[in-house]
Structures are given as structure tokens and as C-alpha cells.
Amino acid sequence: MIFLPYSKPKSGWFTKRIAEFYEAGTDRYPKKIRPATIAVENISGPIFLSPGSKDDIWPTAFMASEIEKWLQTTGFSFEIKHLHFAEAGHAIFGLLPAQHDEQSMNAVASGGGTTIDNHNARKQTWIETFAFFKKDLGE
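What counts as what
- Residues numbered from 1 in each chain as written.
- Predicted model: local features only at pLDDT ≥ 70, side-chain atom pairs only at ≥ 80, totals over all residues.
- Heavy atoms only, no water.
- Helix = DSSP H or I, 4+ residues; strand = E, 2+ residues; numbered from the N terminus.
- Contact = heavy atoms within 4.5 Å.
- Core = buried A, V, L, I, M, F, W, Y, C linked by side-chain atoms within 4.5 Å.
- Buried < 20%, exposed > 50% of the residue type's maximum accessible area, 1.4 Å probe, protein only.
- Salt bridge = Lys/Arg side-chain N within 4 Å of Asp/Glu carboxyl O.
- Arc of directions from axis to C-beta.
- Expected span 1.5 Å × (residues − 1).
- Phe/Tyr/Trp six-rings, centres within 6.5 Å; stacked < 30°, edge-to-face > 60°.

As for the side chain of Glu128
Mapped onto the fold, Glu128 is located in helix 5 (residues 115-137). With sequence-adjacent residues up to four places away left out, Glu128 is seen in contact with Phe48, Lys81 and Leu83.

A word on the nonpolar core
In terms of nonpolar packing, the biggest core is built from six residues, these being Val40, Ile47, Leu49, Ala64, Leu71 and Phe76. Within the residue set of this core, elements represented by two or more residues are strand 1 (47-49) and helix 3 (60-73). Beyond its immediate chain neighbours, meaning those up to four positions away, Phe76 contacts Val40, Glu41, Ile43, Gly45, Ile47 and Leu71. Judged by nonpolar contacts, the second largest core, of five residues, contains Leu83, Phe85, Ala88 and Ile92.

Considering the pattern of salt bridges
With the rule as written, the count across this model stands at four salt bridges. Lys69 is the partner of Glu66 in a salt bridge, and the nearest nitrogen-oxygen pair spans 2.9 Å. Taken together, the positions of Glu66 and Lys69, both in helix 3 and three residues apart, correspond to about one turn of that helix. Here Lys135 ties to Glu79 by a salt bridge, and the two come within 3.0 Å at their closest N and O atoms. Of this pair, Lys135 sits in helix 5 while Glu79 sits in the loop between helix 3 and strand 2 (80-82), and the two are 56 residues apart along the sequence.

What about helix 4 (residues 102-109)?
The set of residues buried in helix 4 consists of Met105, Val108 and Ala109. Along the axis of helix 4, the buried positions cluster into a sector of 100°, meaning they face one direction only. Those residues of helix 4 that are buried lie in contact with helix 5.

So, helix 5
With 23 residues, helix 5 ought to run about 33 Å at 1.5 Å a step, and its terminal C-alpha atoms sit 32 Å apart, in line with that. All buried positions along helix 5 are accounted for by Asn118, His119, Ala121, Arg122, Thr125, Glu128, Thr129 and Phe132. Just past helix 5, the residue Gly138 takes up positive phi, approximately 80°.

Observations regarding the packing of aromatic side chains
This model, assessed by the stated rule, comprises six aromatic pairs. Here Trp13 and Phe21 contribute two aromatic rings whose centre-to-centre distance is 6.0 Å and whose plane-to-plane angle is 25°, an arrangement assigned as stacked. Both rings, one in Phe132 and one in Phe133, keep their centres 6.2 Å apart while their planes meet at 55°; by these two values the pair is tilted. Assessed through its relative accessible area of 8%, Phe132 is described here as buried. Classification of Phe133 as partly exposed rests on a relative accessible area of 44%. Grouping aromatic residues by their ring pairs yields a cluster made of Phe48, Phe132 and Phe133.

Quick look at the environment of Val40
Within the secondary structure layout, Val40 lies in the loop between helix 2 (33-36) and strand 1. Spatially, the C-alpha atom of Val40 lies 28 Å from that of Pro9, the residues being 31 residues apart in sequence. The residues touching Val40, leaving out its near neighbours within four places in the chain, are Ile47, Ile67, Trp70, Leu71 and Phe76.

Pasting the structure below:
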């Protein structure tokens, strides 16, 4: 199994953003990126990407953009639905908490982004997910 090792972030071992360990690994081990990349071009169906640019866990916006670019260069013949949420974080998929539920809203924002942007991204992702499935799987 090939993987991309983590490395010490420039900000140090005690960073809030776990994503920095991955990003530091890409800087330190650039030759390991391609062999460790999942062969998404082998997927035989449409792909739905829904990243938040303020994700503190993974650099999901970067990864989703790379997936989309790679698929375009390989002549991928299925639909690529790529949503972009500039101010949302990691937890933009899952149950939609009530906006007045401060504890749940804060938990959603614990992986980056603001509470309201994460809530709106979750809401939009659910709408787009159901539309995506309905289009590609039928009713």
C-alpha cells in the first residue's frame, strides 16, 4: 500500500489545523503524491464533490479541484458535480441541525468555517445531493 506520509507543519506540532500535517507531507514528499493518489479515473459513474475551503481537517477544496482537473485530463465520460463553499469547513455533510441549537451548530463548525456558512453548505449539499441522485438514478 502506498501512502503519503504526514510531516511536521511549518506552524509546529500543536497546530489547530490537522490539514497542515497533510500539506507539509505534500511539500516534503512530492514524489509520493502521484503513487498515493486514488485512481478516480477508474470510477464508472458520475462523481459528486462538495468541499469547504475552510476545512481544518483535510485540504478538501484543493483535493476536490485536483480530482476535477485530473478527470478532465483523462477524458472522464461521466458527470462531475463540484460544489464550492468558500467559507464552509469540514462538516458540511450530515444531519442539518436547527440554527437555534447552538451546541450542534458549534460542533458543525469545529472542523473550520463559520456556523452559518457550514449550516448553509449542509443545506445546499442536501438539496444538490438529492437532485444528483434523482437525475442519475431516476425516481
